[in-house]
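Spelled out, the chains give:
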Amino acid sequence: MNAIRKELQRKYEIRENAQKNARQATSLSKQAILLIHQKRLKEAENLVAKADGLLAGLWKTSETFPEIIYTGMFSAALQEYSEANIFLKLVQESRFLTPDEIKVPSADYVLGLADVIGECRRLALDELREGNVKKAENSLQLMDQIYTELMGLDESYALVRDLRRKNDVARRIIEATRGDVTQEIRRSMLEKQLKRLEKRIMSKKT
């Protein structure tokens with residue numbers, strides 16, 4: 001019984017440590033996304049690198065204790081990590097990372113990619129507030145591009161749990177963003193027309 005007790009105690013400690021590291025990796029990825037929105041990209045890179053180190057440790061542990069590591073918490077950490085990496089690279093270089101580049105399973109990558117659409121909406125709204133309508137339009141186009149790719153995976157709904165729900169959420173987010181961008185474009189056009197009219201009126205007075 002002592003041997004059994006020691007084995008179970010060891011597995012308990014491994015599980016507790018794995019859950020702690022998965023939570024920390026998730027938290028670091030979330031913080032990195034916030035820093036990206038604040039344009040603090042180097043700091044975001046550092047946090048993503050720390051999350052990568054934690055996940056690498058979990059992958060190594062999974063070789064011996066897969067039943068402990070492969071849980072919903074680990075998958076959630078991989079999704080958040082994927083989202084942070086994809087979003088960071090899009091902001092830095094306007095290109096998509098692949099699952100192989102960040103060493104995550106395709107299912108977790110896809111779910112993380114779906115969440116990037118929400119970050120792009122926030123980016124578009126920030127750009128609208130700053131008066132950068134063109135950049136907001138580019139963010140909207142990026143959202144459409146991601147959504148189109150995700151819709152091409154509709155046959156994988158049975159294999160990638162939660163993908164259908166995230167696609168439904170993404171569609172609503174995109175339509176809301178399209179409405180915001182369209183409204184700002186119309187407002188900007190009206191403002192320009194009023195300024196031209198004002199100039200004509202002033203020129204006639206003089």
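Within every chain, residues take consecutive numbers counted from 1 along the sequence as written. Local features in a predicted model are, by the rule used here, given only for residues with pLDDT of at least 70; side-chain atom pairs are given and counted only at 80 or more, and totals for whole chains, interfaces and linings are based on all residues. The basis for every side-chain value is the complete set of non-hydrogen atoms in the structure, without hydrogens or water.

For the purposes of this entry, the term helix denotes a DSSP run of H or I that reaches at least four residues, the term strand denotes a run of E that reaches at least two, and both are numbered from the N terminus. On a plain count of helices and strands, the protein chain comes out with eight helices and zero strands. Helices and strands in the protein chain line up, N terminus first, as α-α-α-α-α-α-α-α. For this measure, only C-alpha atoms enter the radius of gyration; the expected value for a globule follows 2.2 Å times N^0.38, where N is the number of residues. Taking 2.2 N^0.38 as the reference for a compact globule, 206 residues should give roughly 17 Å; the C-alpha atoms of the protein chain span a radius of gyration of 23 Å, well beyond that estimate. Along the longest, intermediate and shortest principal axes, the C-alpha atoms of the protein chain span 100 × 40 × 25 Å.

Put simply, a patch holds well-exposed residues, over 30% relative accessible area, that have no salt bridge, with like charges counted together within 9 Å and Val, Leu, Ile, Met, Phe, Trp or Tyr side chains within 5 Å. Under the convention used here, a 1.4 Å probe and the Shrake-Rupley method define accessible areas, while residue burial counts only the protein chains that appear. A carboxyl oxygen of Asp or Glu within 4 Å of a side-chain nitrogen of Lys or Arg is what we treat as a salt bridge. Just so you know, the count uses Lys and Arg for positive and Asp and Glu for negative, and it drops His and the chain ends. Lys charges are placed at NZ, Arg charges at CZ, Asp charges at CG and Glu charges at CD. Positive charge collects at one region of the surface, where Lys192, Arg196, Arg200 and Lys204 lie side by side. On the secondary structure map, Arg200 appears in helix α8 (residues 163-205). Type-normalised accessible area, obtained with a 1.4 Å probe on protein chains alone, sets the label of each residue: buried when under 20%, exposed when over 50%, and partly exposed for intermediate values. Here Arg200 falls in the partly exposed class, since its relative accessible area comes to 47%.

Further remarks concern the packing of aromatic side chains. Two rings from Phe, Tyr or Trp (for Trp, the six-membered ring) form a pair when their centres are within 6.5 Å of each other. A pair whose planes differ by under 30 degrees is stacked, one over 60 is edge-to-face, and the rest are tilted. The full count for this structure, using the stated rule, is one aromatic pair. For the pair Trp59 and Phe74, a centre-to-centre distance of 5.0 Å together with 70° between the ring planes defines the contact as edge-to-face. Residue Trp59 is found in helix α2 (residues 41-62), and its partner Phe74 is found in helix α4 (residues 72-93); the two are separated by 15 residues along the sequence. Residue class for Trp59 comes out partly exposed when judged on its relative accessible area of 25%. Judged by relative accessible area, which is 3%, Phe74 ranks as buried.

To continue, consider the pattern of salt bridges. Scanning all chains against the criterion turns up 17 salt bridges. The salt bridge partner of Arg95 is Glu101, with a shortest N-O separation of 3.1 Å. The closest approach of N and O atoms between Arg178 and Glu175, which form a salt bridge, is 3.6 Å. With Arg178 and Glu175 both in helix α8, this residue pair falls three residues apart, about one helical turn.

It is the contact of helix α6 (residues 106-129) with helix α7 (residues 133-151), at a shortest axis distance of 8 Å, that shows an interaxial angle of 165°. Classed by the angle they form, the pair α6 and α7 counts as roughly antiparallel. Both α6 and α7 take part in a crossing whose hand is left-handed. Each of Val110, Leu113, Ala114, Val116, Ile117, Cys120, Arg121, Leu123, Ala124, Glu127 and Leu128 in α6 lies in contact with α7, whose residues at this interface are Val133, Lys135, Ala136, Ser139, Leu142, Met143, Ile146, Tyr147 and Leu150. Counted by class, the contact of α6 with α7 contains 16 nonpolar, one polar and three charged residues. In this analysis an axis means a line fitted to C-alpha atoms, helices contributing only their contacting stretch, and an angle means the value between N-to-C directions, from 0 to 180 degrees. When an angle is under 35 degrees it counts as roughly parallel; over 145 it counts as roughly antiparallel; between 65 and 115 it counts as roughly perpendicular; any other value is oblique. By convention the crossing between two helices is left-handed if the near helix lies anticlockwise of the far one by an angle smaller than a right angle, and right-handed if it lies clockwise. Residue contacts are defined here by distance: any two heavy atoms, one from each residue, within 4.5 Å place the two residues in contact. Each residue is assigned to one class: nonpolar for Ala, Val, Leu, Ile, Met, Phe, Trp, Tyr, Cys and Pro, charged for Asp, Glu, Lys and Arg, and polar for all the others, Gly among them.

A word on the nonpolar core. Definition of nonpolar core: a set of buried residues of the types Ala, Val, Leu, Ile, Met, Phe, Trp, Tyr and Cys, connected through side-chain atoms within 4.5 Å. Judged by nonpolar contacts, the single largest core of 55 residues is most densely connected at Leu55, Ile117 and Leu150. In terms of residue count, the dominant contributor to this core is α6 (10 residues). Aside from chain neighbours lying at most four places away, what touches Leu150 is Val110, Leu113, Ala114, Ile117, Leu163 and Asn167.

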